[in-house]
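Commentary on secondary and tertiary structure
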Amino acid sequence: MCGIVGYVGNKECSSILVQGLRRLEYRGYDSSGISILDSNEMVTYKKKGKIIEMENILPNEIKGNIGIGHTRWATHGKVTDQNAHPHLSHNKKVSIVHNGIIENYRILKTKLEEEGLHFCTETDSEVIAHLIELNLQNHSFEEAFYQTVNLLEGTFGIAAICIDHPDQIMIARKGSPLVLGIGNEEMFVASDVNAFLGFTKQVVYLEDNEIAILNKKDFQIRNLKLDKIDKDIKTIDWDIDAIEKNGYSDYMLKEIFEQPESIKRAFAGRFIEDIGTAKLGGLNMTPQELFNIERIRIIACGTSYHAGLIGAIAIEELARINTSVEIASELRYKNPIIDKNT
Ligand code: GLU
């Protein structure tokens, strides 16, 4: 499901961002990264794999009290360091993180390439950074962000920062949750309240088609036509444990009720309705490579092992490919036969 965090305030924020990402880990991800404005320089670190892999490349001395972070679950482009978020604009002044899918990214990318912009990643998200940079030529950061968001089709939660506006985070939501956390001379943004738990319990939930401008002292919310929207600040009076359970008495109940939403998110961008088939961005195989598969081993544990058992039955029935399921913790002690067609 992936996640976003952002901070603007008086504290050095790298550890706040990393801690926030850790709290979003349960949503699932394949890579992570952060961008921080450190003495008028955009410093970005990103890495595929667990959050610890990204933490391991962070220097101790990063300063800066405004930044954004991301855990990615690839839909467009392989799982690589380069494709991990944040993404920078061409002049490296703008950095963005994005959850969701930009459906019209190909058209936007082609136009930007015709204008001479060079893309560094295979993601749909990178267009957002370049569009903001282009729009900044004639507009303020706020305006450039609004203009950009209005060009996007698809689903998004976006957070953006810019070197020339070192006290602002711009965010936008359409189909991917975002919540603001209001602290004492500090603001947080995240896909989930538990990312900033322990810092503030004052929150504002963004709705679809809303944009917000955050600085450390206040925030403004607008719709896509730039009309101002008044929002109530809510106080979360649950403790950390209850917040993680989202008000339910236990995790089992929470997860049962989350199923429609979880399934919807799992499908987003990975199902092509017109031709009724799956699109797995992280698994870019040619039809020939797929035809060559002779055997499939599903490696999993716990719930995913049981899901794998069902998956194996479906694959054997539908694709007629020999499929077995292995418990991950056991497989590592075996010497499995995995040839090039497995
Ligand atoms: N579509 C974007 C990508 O593939 C964002 C995926 C996500 O929501 O993490 O990088």
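Computed from a predicted model, the values in this text were never measured in an experiment.

Topic: the nonpolar core
Of all hydrophobic cores here, the largest spans 27 residues; its most connected members are I102, V127, I128, I132, F145 and L152. Of all elements in the fold, only β6 (94-102), α3 (105-114), α4 (126-136), α5 (141-151), β7 (154-162), β8 (165-174) and β12 (210-214) reach the threshold of two or more residues within this core. Counting residues in each nonpolar core, the second largest holds 23 residues, with M54, A190, A195 and I236 among its members.

A word on the environment of K109
Within the fold, K109 resides in helix α3. For the pair K109 and L197, spaced 88 residues apart in sequence, the C-alpha separation works out to 37 Å. Contacts of K109, omitting those with residues within four sequence positions, involve F119, T121 and V127.

Brief notes about the site of the ligand
As a structural note, the neighbourhood of the ligand is formed by 14 residues, with R72, T75, H85, G100 and D124 the closest of them. Between the ligand and T75, the relevant distance is 2.7 Å, taken from a nitrogen atom to a side-chain nitrogen or oxygen of the residue. H85 places a side-chain nitrogen or oxygen 2.8 Å from an oxygen atom of the ligand. A total of 300 Å² of accessible area belongs to the ligand in isolation, and the protein chains cover 98% of it. Looking at the shell around the ligand, the elements with two or more residues in it are β4 (66-72) and β6.

A closer look at the pairing of strand β18 (residues 295-300)
For β18 and strand β19 (residues 322-327), the ladder comprises six bridges, and the chain directions are parallel. When the bridges of β19 are listed, I296 appears paired with T323.

Some points on the side chain of D192
Examined against the element boundaries, D192 turns out to sit in the loop between β10 (187-190) and β11 (202-205). Non-local contacts of D192, meaning those with residues more than four positions away in its chain, are made with L24, Y26, R27 and V179.

Quick word on the pattern of salt bridges
Per the counting criterion, the structure on display carries twelve salt bridges. In this structure, the salt-bridge partner of D81 is K47, at a minimum N-O distance of 3.1 Å. Here D81 is found in the loop between β4 and β5 (87-88), whereas its partner K47 is found in strand β3 (residues 41-48), with 34 residues between them in sequence. When its relative accessible area of 30% is taken as the criterion, D81 is described as partly exposed. Close ionic contact of E261 with K264 constitutes a salt bridge, the shortest N to O distance being 3.6 Å.

Observations regarding the sheet that holds β11
Pairing is antiparallel across the open sheet formed by eight strands, whose spatial order is β3-β2-β4-β1-β10-β9-β11-β15. In this open sheet, the two strands that pair with only one neighbour each are β3 and β15 (234-235). With four bridges joining them, strand β9 (residues 179-182) and β10 adopt antiparallel strand pairing. In the strand pairing of β10, V179 is matched with A190. Sheet strands in contact with helix α1 (residues 14-24) are β1 (3-8), β2 (31-38), β4 and β10, and its direction is about 155° off that of β1.

Brief notes about empty space enclosed by the protein
Enumeration over the complete set of coordinates arrives at one cavity of 30 Å³ or more. Counted as a void, the largest cavity has a volume near 50 Å³. As for the largest cavity, its lining consists of V5, G6, I16, L17, G20, F188, V189, A195 and F196. Every element with two or more residues in the lining of the largest cavity is listed here: β1, α1 and β10. Here the lining of the largest cavity takes three residues from α1, the largest share from any one element. Split into classes, the residues belonging to the lining of the largest cavity amount to seven nonpolar, two polar and no charged.

Cut-off values and rules
Residues numbered from 1 in each chain as written. Predicted model: local features only at pLDDT ≥ 70, side-chain atom pairs only at ≥ 80, totals over all residues. Heavy atoms only, no water. Core = buried A, V, L, I, M, F, W, Y, C linked by side-chain atoms within 4.5 Å. Buried < 20%, exposed > 50% of the residue type's maximum accessible area, 1.4 Å probe, protein only. Helix = DSSP H or I, 4+ residues; strand = E, 2+ residues; numbered from the N terminus. Contact = heavy atoms within 4.5 Å. Near = heavy atom within 4 Å. Polar contact = N/O pair within 3.5 Å; in protein donor to acceptor, adjacent residues only side chain to side chain. Areas by Shrake-Rupley, 256 points an atom, 1.4 Å probe, with all protein chains shown as cover. Pairing = 2+ DSSP bridges. Salt bridge = Lys/Arg side-chain N within 4 Å of Asp/Glu carboxyl O. Axes fitted to C-alpha atoms, helices over the stretch in contact; angles between N-to-C directions. 1 Å grid on protein atoms, 1.4 Å probe; cavity = no way out; pocket = protein on both sides within 12 Å on 5 of 7 lines; lining within 4 Å. Points joined across faces, edges and corners; volume = space filled by probe spheres on them. Nonpolar A, V, L, I, M, F, W, Y, C, P; charged D, E, K, R; others polar.

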